[in-house]
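In case you want the letters, here they are:
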Amino acid sequence: MDQRKIYYFDNNATTRVAPEVVTAMVPFLSDFWGNPSSAYQFGKAVAKHVEDAREKVAALINADPREIIFTSCGTESNNSAIHSALAAHPGKRHILTTTVEHSANIKFCEFLQKRGYEVTFLPVEFDGSLDIHLLEKSIRPDTAIVSVMWANNETGVIFPLEEIAAICRSKGVTIHTDAVQTPGKLKLDVAELGVDMLSLSAHKLHAPKGIGMLYVKRRTKYLPYVIGGSQERGRRGGTENVPYIVGFGRAAELAMASLEDENTRVRGLRDRLEKTILTTIPNTVRNGSQDSRLPNTSNIAFDFIEAEAILMLLDQAGICASSGSACTTGSLDPSHVLTAMGLSASRARGSIRFSLGMYTTSEEVDYLLKHLPGIIAKLRAVSPEKATGAAANRVEAVSRT
Ligand SMILES: *Cc1c(COP(=O)(O)O)cnc(C)c1O
């Protein structure tokens, strides 16, 4: 593979595996390959490392290790949470979620709709925020689960999860959250949040792809999604992915240690990047709330041009960024998140997400800022939308005030 220097601004899509994580994993790919369920010492020794990792992941979210179920990914965790709530309450056939969830939720809910379940997708405001009163009013006697993400992967917008969980508790409804984007960025504490279930994916916190976890609060009735052996206390069949679980454990420690850096240095880099773009490149707008937002994410609309064209030219300069989510790349539809926020299709199609991380340096931000204005100017010079677009955009701006 091409080994030239890359300038990586796509940490919400995936993150570089930390060298510390690789080091922790290697023994379990070479010498310690026993099955953790085996009764002999060679297996039991491995099982101990799985349980150590479970403790580390539990510590990241202030849970009890017995409340952690290792899964194959964030998608499986989200699917499992919803599946379990429906299976545990056979009489309840309604799911309450939002229009801006990851496709891991949206597509699964659409699948369930086709199977006769009812789903309410709550709308969001122009800044990406949720109307909590509407959420409260939308909970029904037959609601089996409320599943609301904590932080949005495209815009970084944070929902007030503590408040949402309190509402759900008062109504006796299970609350699940997709917290995949939060480790290392927000302080995670399931006791403070008051949620029943919470999903994480290790590749978003500098561990490999293909390992995730679902937190299930003690005494929550849980029915498995992957049915088989008695692994994970009977809650998820399949022989444990030991090296990846061990890596996840090490990554959880690193995420806790990087929280401070992410909220000071990385936030500063993000703010400088965003402010410079908005003040020096004309016809640019930030998508999403300024304040209630992850410290690493910036989503910006570049009017009159297509994000795909910008991304191609950025790629030629070795810069990785994305439009919307990596999981929907290639589709011609504008981002469902930006569309739900009320952006016009053309503005949504011209929007780019920059997501920084613990390895992002000030020099990399400088490099991006050096290349971006020229790329935008070059594309706008040949944009057919420009002349008419300018007028349309003014109308849009006026109608929103
Ligand atoms: C990446 C992501 C997922 C999916 O996680 P996978 O491990 O890739 O399945 C789910 N939700 C959010 C918010 C994400 O950013």
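A quick note: this is a predicted structure, and the numbers were derived from the prediction, not measured.

The rules behind the values
Residues numbered from 1 in each chain as written. Predicted model: local features only at pLDDT ≥ 70, side-chain atom pairs only at ≥ 80, totals over all residues. Heavy atoms only, no water. Helix = DSSP H or I, 4+ residues; strand = E, 2+ residues; numbered from the N terminus. Buried < 20%, exposed > 50% of the residue type's maximum accessible area, 1.4 Å probe, protein only. Contact = heavy atoms within 4.5 Å. Areas by Shrake-Rupley, 256 points an atom, 1.4 Å probe, with all protein chains shown as cover. Lys, Arg positive; Asp, Glu negative; His and termini not counted. Charge placed at Lys NZ, Arg CZ, Asp CG, Glu CD. Expected span 1.5 Å × (residues − 1). Near = heavy atom within 4 Å. Polar contact = N/O pair within 3.5 Å; in protein donor to acceptor, adjacent residues only side chain to side chain. Nonpolar A, V, L, I, M, F, W, Y, C, P; charged D, E, K, R; others polar. Core = buried A, V, L, I, M, F, W, Y, C linked by side-chain atoms within 4.5 Å. Pairing = 2+ DSSP bridges. Domains from an automatic or database assignment. Buried area = accessible area lost by both parts, 1.4 Å probe. Salt bridge = Lys/Arg side-chain N within 4 Å of Asp/Glu carboxyl O. Axes fitted to C-alpha atoms, helices over the stretch in contact; angles between N-to-C directions. Parallel < 35°, antiparallel > 145°, perpendicular 65-115°, else oblique. Left-handed = near helix turned anticlockwise from the far one by under 90°. Patch = residues over 30% accessible without salt bridge, like charges linked within 9 Å, V, L, I, M, F, W, Y side chains within 5 Å.

### Some thoughts on the overall build of the protein
When you go through the protein residue by residue, the secondary structure sums to 14 helices and twelve strands. Once the C-alpha set of the protein is aligned to its principal axes, its extents read approximately 70 × 50 × 35 Å. When each of the 401 residues of the protein is scored for burial, the buried share is 54%. Long-range contacts, defined here as pairs at least 24 residues apart, represent 75% of the contacts in the protein between residues at least 6 apart. Accessible surface for the protein amounts to roughly 17,400 Å². Of this, 56% is attributable to carbon and sulfur atoms. The averaged location of the 44 negative side-chain charges in the protein is 2 Å from the averaged location of its 45 positive side-chain charges.

### A word on helix H13 (residues 362–381)
Between the first and last C-alpha of H13 there are 30 Å, a value that for 20 residues agrees with the 28 Å anticipated at 1.5 Å per step. Residues Glu364, Val365, Tyr367, Leu368, Leu369, Leu372, Ile375, Ile376, Leu379 and Arg380 constitute the buried set of H13.

### With respect to the site of the ligand
In the vicinity of the ligand, the residues found are Cys73, Gly74, Thr75, His102, Met149, Asn153, Asp178, Val180, Gln181, Ser201, His203 and Lys204. With respect to the ligand, the backbone of Gly74 contributes an N or O atom lying 2.8 Å from an oxygen atom. For the ligand, an oxygen atom lies 2.6 Å from a polar atom in the side chain of Ser201. Looking at the shell around the ligand, its residues break down into three nonpolar, seven polar and two charged.

### What to know about the nonpolar core
Within the largest apolar cluster, 65 residues are counted, with the highest numbers of intra-cluster contacts made by Ile61, Leu198 and Met213. The contacts of Ile61, once residues within four sequence positions are left out, are Ile68, Leu188, Asp189, Val190, Leu198, Leu200, Met213 and Tyr215. In this structure, Tyr7, Ile305, Leu314 and Leu368 belong to the second largest nonpolar core, which totals 29 residues.

### Examining the pairing of strand S2 (residues 68–71)
The two faces of S2 match: Ile68 and Phe70 on one face and Ile69 and Thr71 on the other face are all buried. For S2 and strand S8 (residues 212–216), the ladder comprises four bridges, and the chain directions are antiparallel. Residue pairing across strands places Thr71 opposite Gly212, the latter belonging to S8.

### Some words on the domain arrangement of the protein
Domain annotation for the protein reports domain 1 (7–14 + 259–400) and domain 2 (19–257). One C-alpha centre belongs to domain 1, the other to domain 2, and the line joining them spans 29 Å. Facing 32 residues of domain 1, the contacting portion of domain 2 comprises 33 residues. Between domain 1 and domain 2, the buried area comes to about 2,700 Å², and carbon and sulfur atoms account for 56% of it. If you sort the residues of domain 1 by the area they bury against domain 2, Leu259, Leu294 and Met341 come out on top, with a joint share of 23%. Our count for the contact surface shared by domain 1 and domain 2 stands at zero salt bridges. Applying the counting rule to domain 1 against domain 2 returns 16 residue pairs in polar contact (both at pLDDT 80 or more). Those elements giving two or more residues to the side of domain 1 that touches domain 2 turn out to be helix H9 (242–280), strand S10 (297–302) and helix H11 (336–340). By residue number, the principal contributor to the side of domain 1 that touches domain 2 is H11, which donates four residues. Residues of the side of domain 1 that touches domain 2, tallied by class, amount to twelve nonpolar, 16 polar and four charged.

### Quick look at the sheet that holds S10
The strands making up a sheet associate through backbone hydrogen bonding, with each pair oriented either parallel or antiparallel. Pairing in this open sheet of three strands is antiparallel, and the strands run S9-S10-S12 from one edge to the other. Unpaired on one side and paired on the other, strand S9 (284–286) and strand S12 (351–355) mark the two borders of the sheet. Taking the axes of each pair of neighbouring strands and ignoring which way they run, one obtains an average angle of 25 degrees across the sheet. Lying on the sheet, H9 is in contact with S9, S10 and S12; it crosses S10 at an angle near 10 degrees. Strands in contact with helix H10 (residues 307–316) are S10 and S12; relative to S12, the strand with the most contacts, it is inclined by about 45 degrees.

### Structural notes on the packing of H10 against H13
Orientation of H10 relative to H13, taken along the N-to-C sense of each, is 135 degrees, at an axis distance of 10 Å. In terms of orientation, H10 and H13 fall into the oblique class. For H10 against H13, the interelement crossing comes out right-handed. For the pair formed by H10 and H13, the contact residues are Ala309, Ile310, Leu313 and Leu314 on the first element and Leu368, Leu372, Ile375, Ile376, Lys378 and Leu379 on the second.

### Regarding a nonpolar patch on the surface
A surface patch of nonpolar side chains, about 480 Å² in accessible area, is lined by Phe32, Trp33, Tyr40 and Phe42. With respect to the helices and strands, Phe42 occurs in helix H2 (residues 41–61).

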